[in-house]
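Notes for the structure review
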Amino acid sequence: MYTPMQLFKVVSPGLFTTVQDKGRYGYLRYGVPINGAMDSFAAQSANLLVGNHEDAAVLECTVAGPTFVVLDQADVAVTGADMEVTVNGRTMANWSSFRVKTGDVLAIGQARSGCRGYLAVTGGIEVPRVFGSRSCYVGAGIGGFQGRPLQKEDRLARGIGPLLPAPRRLPEELVPQYSDRIVLRAIPGPQDDFFDEGLATFFAAEFEVSHEANRTGYRLTGPTIPMKPGKPPGIISEASVPGGVQIPPNGQPIILLAEQTVGGYAKIATIISSDLHLIGQAIPGSTIRFRRIDLPGACELRRKRQRLVEAIKALLELTDDIRGLQRECAAEEEEALAGFADFYPECG
């Protein structure tokens with residue numbers, strides 16, 4: 001029987017650190033939200049940098065990260081928000097893999113830009129699957145590590161996976177830059193017929209992220225979005241998806257995110273999936289504008305995003321192959337030189 005390898009002992013848990021993967025699909029009708037990483041690109045990249053499948057479980061570190069004592073060796077990568085990462089006080093590069101060994105102290109600091117960092121380890125974070133996912137849903141106390149954020153003295157295990165032959169690094173030009181001025185592309189609807197002047201205001205105005213912002217949703221402040229005269233203030237509650245933008249009676253938009261299941265306010269627009277990682281890195285005070293896009297354009301952007309992740313995986317694997325060939329050539333050259341010295345010791 002497989003026994004997970006203990007990897008980390010929590011010294012400091014960070015502000016809000018949870019286990020997340022790609023999410024929990026197929027259970028909305030039972031009131032179970034999708035969950036999953038708020039910045040899927042950063043989480044996928046972290047996994048690829050340590051040689052995992054892109055959907056393996058990672059740690060999502062919100063605003064300020066955790067500190068661990070390392071209990072076993074593993075390859076590690078930290079992506080997403082710009083957080084200082086140190087091992088025994090030595091600064092390590094973000095968006096790159098590095099190896100930790102027993103007794104090391106791994107610390108992730110406060111975000112200097114962005115909101116959420118992602119820590120991937122060899123084999124993925126090992127916790128039980130609940131409804132097909134390892135993602136933590138704190139609201140119901142399920143998934144992740146005992147259904148809650150990390151606490152001091154917790155011990156985390158990793159799954160099965162080989163160590164890398166050499167460190168990996170994402171090319172600098174592929175590393176996202178998280179700005180506090182964000183443009184989100186959105187498709188009008190599904191209740192865009194509730195608005196006329198309000199729809200024009202929505203796509204023209206600038207909004208600000210309020211302090212009511214978490215994994216369930218982000219409340220925005222800005223110009224009031226009026227409804228058409230005679231339209232009801234709400235609708236019959238219906239299933240929601242991450243990226244839906246509700247307009248409550250006060251006219252201030254609410255972006256629904258990973259831990260929302262239903263909503264009873266009209267949704268003026270839906271943010272495309274390719275842009276959800278941007279709102280996942282927004283902090284209170286960030287400004288947001290919405291840009292209209294149609295469904296074919298959104299689908300094409302989603303395909304491009306998927307191709308980008310596949311290309312990154314292929315690039316990292318090709319780099320591993322090239323480095324392996326370099327090592328083999330160097331070893332053969334050294335062996336040939338040694339043989340030459342044996343035959344001609346006077347030339348050694």
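Data block above holds the structure.
Reference entry: report on the structure contained in this document. This one's a predicted model, so the numbers in the text were calculated from it and none came from an experiment.

Overview of the nonpolar core
Tyr 218, Ile 255, Ile 268, Ile 279, Ile 288 and Phe 290 are the most contacted members of the largest nonpolar core, which totals 50 residues. The element contributing the most residues to this core is helix α1 (residues 40-49), with six residues. Those residues in contact with Ile 279, other than ones at most four positions away along the chain, are Leu 184, Tyr 218, Ile 255, Leu 257 and Ile 288. Of all hydrophobic cores here, the second largest spans 28 residues; its members include Cys 61, Val 78, Met 92 and Val 121.

Details of unusual backbone geometry
Trans is the common state for peptide bonds, and a negative phi is the common state for residues other than glycine. Following Gly 189, the chain continues into Pro 190 via a peptide bond in cis, with omega recorded as 20 degrees. Within the secondary structure, Pro 190 sits in the loop between β13 (181-188) and α2 (197-204). The residue Val 63 is not glycine, and still its phi comes out positive at about 65 degrees. Here Val 63 shows up in the loop between β3 (58-62) and β4 (67-70). Judged by relative accessible area, Val 63 falls into the partly exposed class, the value being 30%. At Trp 95, a residue that is not glycine, the phi angle is positive and equals roughly 60 degrees. Mapped onto the elements of the fold, Trp 95 is located in the loop between β7 (90-92) and β8 (97-100). Given a relative accessible area of 5%, Trp 95 falls into the buried group.

Details of the packing of aromatic side chains
For the structure shown, the criterion picks out eight aromatic pairs. With a centroid separation of 6.3 Å and an interplanar angle of 35 degrees, the aromatic rings of Phe 41 and Trp 95 are classed as tilted. Note that Phe 41 is positioned in helix α1 and Trp 95 in the loop between β7 and β8, a separation of 54 residues in sequence. With respect to burial, Phe 41 and Trp 95 carry one shared label: buried. Every member of this aromatic cluster is reached through a ring pair, and the members are Phe 202, Phe 203, Phe 207 and Phe 290. A cation over an aromatic ring shows up here: Lys 231 above the ring of Phe 194, its NZ or CZ 4.7 Å from the ring centre.

Quick look at the sheet that holds β8
Strands pair in a sheet through their backbones, by hydrogen bonds, and they do so in one of two ways: parallel or antiparallel. Reading across the sheet, the five strands line up as β2-β3-β10-β5-β8 and stay open at both edges, with antiparallel pairing between neighbours. Strands with a single pairing partner mark the edges of an open sheet, and in this sheet they are β2 (17-20) and β8. The average angle at which neighbouring strand axes cross in this sheet is 30 degrees, direction not considered. The sheet contacts of α1 involve β3, β5 (74-80), β8 and β10 (116-121), and relative to β5 the element is tilted by about 155 degrees.

The rules we used
- Every residue gets a number counted from 1 within its own chain, in the order that chain's sequence is written.
- At least 70 in pLDDT is required for a residue's local features to be given in this predicted model, at least 80 for side-chain atom pairs to be given and counted, and no such filter applies to totals for whole chains, interfaces and linings, which use all residues.
- Values shown for side chains rest on all heavy atoms present in the structure; no hydrogens or waters enter the calculation.
- Definition used in this section: a nonpolar core is a set of buried Ala, Val, Leu, Ile, Met, Phe, Trp, Tyr and Cys residues joined via side-chain atoms within 4.5 Å.
- Three labels apply to residues, based on accessible area from a 1.4 Å probe with only protein chains included: buried if under 20% of the type maximum, exposed if over 50%, partly exposed otherwise in between.
- Note on conventions: DSSP H or I runs of at least 4 residues are helices, E runs of at least 2 residues are strands, and numbering of each starts at the N terminus.
- Only heavy atoms enter the contact rule, under which two residues are in contact if any of them lie within 4.5 Å.
- Ring geometry is summarised as follows: Phe, Tyr and Trp rings, the Trp one being its six-membered ring, pair when their centres sit within 6.5 Å, and such pairs are stacked at plane angles under 30 degrees, edge-to-face over 60 and tilted between the two.
- In our convention, an over-ring charge means Lys NZ or Arg CZ found within 6 Å of a ring centre and within 35 degrees of that ring's normal.
- By definition, two strands form a pair when at least two bridges between them are found by DSSP.
- Working convention: axes come from line fits to C-alpha atoms, limited for helices to the stretch in contact. Angles between N-to-C directions cover 0 to 180 degrees.

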